[in-house]
Amino acid sequence: MTKRISLTQYLIEQQRLHGHIPSQLRLLIEVVARACKRISISVNKGALGDVLGTAGSENVQGEVQKKLDIIANEVLIEANEWGGALAAMASEEMEGIYVVPNRYPQGEYLLLFDPLDGSSNIDVNVSIGTIFSVLKKPDGSAGVSEDDFLQPGSQQAAAGYCVYGPQTTLVLTVGDGVAMFTLDREQGSWVLTADDVQIPADTKEFAINMSNMRHWAPPVKHYIDECLAGKTGPRGKDFNMRWIASMVADVHRILTRGGVFMYPWDQREPEKAGKLRLMYEANPMSFLVEQAGGASTNGRQRILDLQPTKLHERVSVVLGSKNEVDRITQYHLDAK
Ligand code: AHM
Ligand code: MG
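Residues numbered from 1 in each chain as written. Chains lettered and ligands numbered in written order. Predicted model: local features only at pLDDT ≥ 70, side-chain atom pairs only at ≥ 80, totals over all residues.

## Brief notes about the domain arrangement of the protein chain
The cut-off we apply is this: An automatic or database domain assignment is the source of the domain bounds shown. C-beta atoms are first placed from the backbone for all residues, and any pair lying within 7 Å is then listed as a contact. Put simply, DSSP H or I for four residues or longer makes a helix, DSSP E for two residues or longer makes a strand, and each gets a number counted from the N terminus. Amino acids outside the nonpolar list (Ala, Val, Leu, Ile, Met, Phe, Trp, Tyr, Cys, Pro) and the charged list (Asp, Glu, Lys, Arg) are all regarded as polar, and Gly is one of them.
Assigned domains of the protein chain: these are domain 1 (7–194) and domain 2 (205–335). With 35 residues of domain 1 at the contact, the number on the domain 2 side is 29 residues. Ranked by residue count, the leading element in the side of domain 1 that touches domain 2 is strand E6 (residues 128–136), at five residues. Classifying every residue of the side of domain 1 that touches domain 2 gives 16 nonpolar, 15 polar and four charged.

As structure tokens, this is what we get:
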């Protein structure tokens, strides 16, 4: 029988052999993984657990909150606040930061998350997920404030997501490649099922919400038009399209077999940079994608280089197979 490597063992080996992760960070990742296990149980219960439908409230972005958005947010906070590794947390579902209450020890890390990404898919039994990003609190800052979170994605100490699909899979980077762990539901443990994940540089698959085509900027339209032209067009090959409407599931497909994912700026809301959030959606996904040999830009600049100016900042996203992302970025730069 092949030896099963658990998440704990993987993390201890990263710590021991490669010196990548201090023990506070290792504990923090384990706690996030445990919270994801609990969220997975709620997701799986569905209607039987009375977790479907809306909660009758709105989040800071004016989006209707689903019951599971709120449950997942609470699970992540409860699991993480007492462990001693964190100073504060921030989430898509909370307007301000959540400072670890002073009845618990304060740690040196900051955790950001989208507790339940792909909310529109919850009630229709399609894959959804949790996305997380870990930053280090800047040295020397007394207490903790929102400003401490405003660091470029290149500063992330770890990032990952958990996809709740036919299988529950945790995908993680601590800056030394990307590893995937599948939840063994009977044992309740995370088992390493893919290591050193690599995204092929070329692809014939794109993911974009085509219903927004009339609102796109010309470089995006240009790129997709070329893909749609197929074998006899300038790309000389037929492209396939996939759009799950859960970023987690779309990125998971790309990490598994390549492809390009786009949620570009469009003219519907010209004052917003895009739909997706920089700090707890685009940054962690960009870290994972780059660690797997892919690329991620906002059409012009590397996402991980962007300096955030606010917690819930939005960003245009182009990520996945390197050669396609480079091409789309070049189309934007050429358009000026
Ligand atoms: P959410 O965080 O409120 O779930 O929104 C983010 C989601 C992404 O997962 C997905 O890529 C996108 O929104 C789907 O948008 P659309 O409804 O335009 O298909
Ligand atoms: Mg989201």
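Following the structure, the description resumes.
## Comments concerning the environment of Ser 286
When you line up the elements, Ser 286 lands in helix H7 (residues 278–291). Along the chain, Ser 286 and Gly 320 lie 34 residues apart, while their C-alpha atoms are 8.7 Å from each other. Contacts of Ser 286, omitting those with residues within four sequence positions, involve Gly 153, Ser 296, Ile 303, Leu 304 and Leu 319.

## A closer look at the site of ligand 1
The condition that has to hold: The criterion for a residue being near a molecule or strand is simple: its C-beta atom, placed using the backbone, must lie within 6 Å of it.
By nearness alone, every residue bordering ligand 1 is listed as Glu 63, Glu 92, Asp 114, Asp 117, Gly 118, Ser 119, Ser 120, Asn 209, Ala 245, Ser 246, Met 247 and Tyr 263. Lining the shell around ligand 1 are residues from two domains, each supplying at least three of them: domain 1 (7–194) and domain 2 (205–335).

## Observations concerning the sheet that holds E6
Think of a sheet as strands paired side by side through backbone hydrogen bonds, with each pair either parallel or antiparallel. We apply this condition: The rule for pairing is simple: two strands pair if DSSP sees at least two bridges between them. Throughout, an axis means a line fitted to C-alpha atoms (over the contacting stretch in the case of helices), and angles, computed between N-to-C directions, take values from 0 to 180 degrees.
Taken in spatial order, the eight strands make up an open sheet running E4-E3-E5-E6-E7-E8-E9-E10, and their pairing is mixed. The sheet terminates laterally at strand E4 (98–99) and strand E10 (189–194), the two strands that pair on one side only. Note that E6 and strand E7 (residues 158–164) share seven bridges and pair antiparallel. Among the inter-strand pairings, Val 134 is bridged to a residue of E7, identified as Ala 158. Strands in contact with helix H2 (residues 23–45) are strand E3 (86–91), strand E5 (109–117), E6, E7, strand E8 (168–173), strand E9 (179–184) and E10; relative to E6, the strand with the most contacts, it is inclined by about 165°.

## Quick look at the UniProt feature "binding site: Mg(2+) 1" (unreviewed entry) in the protein chain
As a reminder, the rule being used: UniProt positions are given in the numbering used here, feature names are shortened, and annotations may be inferred rather than shown by experiment. Here the C-beta atoms are placed from the backbone, and a residue counts as buried if at least 20 other C-beta atoms lie within 10 Å of its own, exposed if 12 or fewer do, and partly exposed otherwise.
Within this structure's numbering, the places UniProt gives as "binding site: Mg(2+) 1" (unreviewed entry) are Glu 92, Asp 114 and Leu 116. The largest pairwise C-alpha distance within this set of annotated residues, which runs over 25 residues, is 8.9 Å, so the set is compact in three dimensions. Position of Glu 92 relative to the elements: it lies in the loop between E3 and E4. Accessibility expressed as a C-beta count within 10 Å gives 25 for Glu 92, which makes it buried.

## Some words on the sheet that holds strand E17 (residues 317–320)
The five strands lie next to each other as E12-E11-E13-E17-E15, forming an open sheet whose pairing is mixed. Of all strands in the sheet, those with a lone pairing partner are strand E12 (240–241) and strand E15 (295–297), marking the two edges. One ladder, built from two bridges, connects strand E11 (residues 205–207) with E12; its direction is parallel. Paired with Phe 206 across the bridge in E12 is Met 241.

## Observations concerning the packing of helix H1 (residues 7–17) against H2
Here is the rule we go by: With respect to orientation, any angle under 35 degrees is reported as roughly parallel, any angle over 145 as roughly antiparallel, any angle of 65 to 115 as roughly perpendicular, and every other angle as oblique. Rotating anticlockwise by less than a right angle from the far helix to the near helix defines a left-handed crossing, while the corresponding clockwise rotation defines a right-handed one.
The contact between H1 and H2 brings their axes to 10 Å, and the two run at 160°. As far as their axial angle goes, H2 and H1 are roughly antiparallel. For H1 against H2, the interelement crossing comes out right-handed. Contacts between H1 and H2 involve Leu 7, Thr 8, Leu 11 and Gln 15 on the former and, on the latter, Ser 23, Arg 26, Ile 29, Glu 30 and Ala 33.

## A look at unusual backbone geometry
Even without a glycine there, the phi angle at Asn 125 is positive, about 60°. Within the secondary structure, Asn 125 sits in the loop between E5 and E6. We classify Asn 125 as exposed; it has 11 C-beta atoms within 10 Å. Phi angles above zero are rare outside glycine, and Ala 245 is one such case at about 70°. Owing to 16 C-beta atoms within 10 Å, Ala 245 belongs among the partly exposed residues under this scheme.

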